[in-house]
Amino acid sequence: MTMNRAPNPLIDALAEELVPVKPMTMRGGMAAVAVAVAVTLVLVELFHGMWQDAFAGAATPFFWVTNGLLAVLGLASATSVVRIAGPRVGNRHEAPQWALAAVVVLPLAAIAALLLGHSDESPLADRYGLECAQLSLAFSLVIAGTLVLWLRRGAPVSLAVAGFHTGLAAGALGAAAYGLSCPLTGETHLGIWHVVPVFAMALAGRFAVPHLVRW
Amino acid sequence: MIADEPTLARLMAQSQAGDRQAYTVLLTEAQLWLERYFRRRVAPAQMDDLVQEVLMALHHKRATWDSSRAFLPWLAAIARYRWVDHLRRVYRNEEEALGDHDAAEESEEEAVLARMSLERLFVHLPDKQVEAIELVKIEGLSIAEASHRTGQSESAVKVNIHRGLRKLAALIEKAE
């Protein structure tokens, strides 16, 4: 199978220092994401408290649609990041794009409602808007850190995509987790202030994460 | 003859478990495969260094291969990543060495082979970016020479190389 040729000292040296390794699997990566999401939910409960009335039927459908879409976007993006850590020619990382397109509908719907006069809650007059955006960002950090650590262990070769999807995953899952504690259910509040942090994290991830995971 | 995909995958699984004999065979086979893979993509004088780099990367990142997936697409992705990185470094070195035109000339045949081998990834790039990368990175022309040859300004050559390499980096997993 192997041609006769001069031995390569590097191969002998690498074989000499070989130790067993635990392969990085999709299951392992998704388990790490699940733990990070669970920790985030616990932090939301500890520092902010879940909105219990939402589970008793007080929340509007838009509340569940928003948080549900954010959760789907976060899950799709986190799955993509876990997969990116194991490179492969032929990999496609397109699922988050479609989930992102669905989430973009939320601010568009909020703006349309404002312009068409179906809503009178201006996002600029929303006294809790900025606070919600900041808290969403804060609660995305555990997930962002987990994904960056996973990528650093891995061998990502699509660095820009890895960064963008890390930001999307952390931003969306953080916003969804925090969203369960927010009792404001208007489409403008949810569609603008709970979604903008996702875009902010995606941009931050796109430019910051490649520097952290380059190898 | 280089080992087939199932054999390489089996050797890699054994290597992940710590089997040094299997690992030695795997690395030797990977070396042969990489030499063939890079043959028309880098200058012969730089081949050994690049192959060694990929073998080191294989070693350090061996845990990232998932035994439920094929081995060669994993190795090829790492090889492309290191290749693009290699092109970037060559560019930087040439930038620092502008004015030094004493580099040994490669045969035209080697240059042509190198150019052809890159076409698979280059089909996704605009012609001007391909032209700039081919002349400077594959044929070894200086920025000024490439500018004169193409009619692009020196700044345009630099920008086209920079943008082309960025696109190549984004195509590592996509271009099949």
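As shown above, the structure is provided for reference.
Residues numbered from 1 in each chain as written. Chains lettered and ligands numbered in written order. Predicted model: local features only at pLDDT ≥ 70, side-chain atom pairs only at ≥ 80, totals over all residues. Heavy atoms only, no water.

Caption draft 1: Just the overall build of chain A, in detail. A tally of regular secondary structure across chain A gives nine helices and zero strands. Evaluated residue by residue, chain A yields a buried proportion of 49% over its 215 residues. Working note: accessible area of chain A is about 10200 Å², and carbon and sulfur atoms make up 68% of it. (Helix = DSSP H or I, 4+ residues; strand = E, 2+ residues; numbered from the N terminus. Buried < 20%, exposed > 50% of the residue type's maximum accessible area, 1.4 Å probe, protein only. Areas by Shrake-Rupley, 256 points an atom, 1.4 Å probe, with all protein chains shown as cover.)

Caption draft 2: Seen up close, the interface of chain B and chain A. Counting from both sides, the interface comprises 47 residues of chain B and, opposite them, 41 residues of chain A. For the chain B and chain A pair, buried surface summed over both sides reaches about 4000 Å², with 57% attributable to carbon and sulfur atoms. Interface area lost by chain B to chain A is led by Arg69(B), Tyr81(B) and Glu173(B), which between them contribute 19%. Counting the contacts that link chain B with chain A gives 18 residue pairs in polar contact (both at pLDDT 80 or more). Of all the secondary-structure elements, those providing two or more residues to the side of chain B that touches chain A are α1 (5-16), α2 (20-38), α3 (44-60), α4 (72-96) and α8 (154-170) of chain B. Among the elements that make up the side of chain B that touches chain A, the one with the highest residue count is α2(B) (10 residues). Along the lines of polarity and charge, the residues of the side of chain B that touches chain A split into 22 nonpolar, 10 polar and 15 charged. (Contact = heavy atoms within 4.5 Å. Buried area = accessible area lost by both parts, 1.4 Å probe. Polar contact = N/O pair within 3.5 Å; in protein donor to acceptor, adjacent residues only side chain to side chain. Nonpolar A, V, L, I, M, F, W, Y, C, P; charged D, E, K, R; others polar.)

Caption draft 3: Summary view of the pattern of salt bridges. All names here are of chain B. Applying the stated criterion across every chain yields a total of one salt bridge over all chains. One salt bridge in this structure joins Asp-85 and Arg-82, with 3.4 Å as the shortest N-O distance. You can see Asp-85 and its partner Arg-82 sitting in helix α4, three residues apart, about one turn around the helix. (Salt bridge = Lys/Arg side-chain N within 4 Å of Asp/Glu carboxyl O.)

Caption draft 4: Broad picture of the environment of Gln31(B). Tracing the sequence through the fold places Gln31(B) in helix α2. Residues Gln31(B) and Asp48(B) lie 17 residues apart in sequence; the distance between their C-alpha atoms is 9.5 Å.

Caption draft 5: Inspection of the packing of aromatic side chains at higher detail. Counting across every chain of the model gives nine aromatic pairs over all chains. Arranged with centres 6.1 Å apart and planes meeting at 15°, the rings of Phe139(A) and Tyr178(A) form a pair that is stacked. Remark: Tyr178(A) occurs in helix α7 (residues 159-179) and Phe139(A) occurs in the loop between α5 (129-138) and α6 (141-153); sequence separation between them is 39 residues. The exposure class assigned to Phe139(A) is buried, which follows from its relative accessible area of 10%. Note on Tyr178(A): relative accessible area 2%, which makes it buried. Consider the rings of Trp215(A) and Tyr81(B), whose centres lie 4.7 Å apart with planes at 20°: the pair is stacked. A residue pair is termed interchain when its members come from two chains, as with Trp215(A) in the segment after α9 (196-213) and Tyr81(B) in helix α4. For Tyr81(B), a relative accessible area of 8% gives the class buried. Grouped by ring-pair contacts, the aromatic residues Trp51(A), Phe55(A), Phe63(A) and Trp64(A) constitute a single cluster. (Phe/Tyr/Trp six-rings, centres within 6.5 Å; stacked < 30°, edge-to-face > 60°.)

Caption draft 6: Spotlight on α6(A). Residue and element names in this part refer to chain A. The terminal C-alpha atoms of α6, which comprises 13 residues, lie 18 Å apart, in line with the 18 Å expected from a rise of 1.5 Å per residue. Those residues of α6 lying buried are Ile-143, Ala-144, Leu-147, Val-148, Trp-150 and Leu-151. The buried side chains of α6 occupy one side of the element, clustering within an arc of 160° when seen end-on. Exposed residues pointing more than 90 degrees away from the buried face of α6 are listed as Leu-141, Leu-149, Arg-152 and Arg-153. In this structure, the buried side of α6 is in contact with α2 (26-47), α3 (61-84), α7 and α9. (Expected span 1.5 Å × (residues − 1). Arc of directions from axis to C-beta.)

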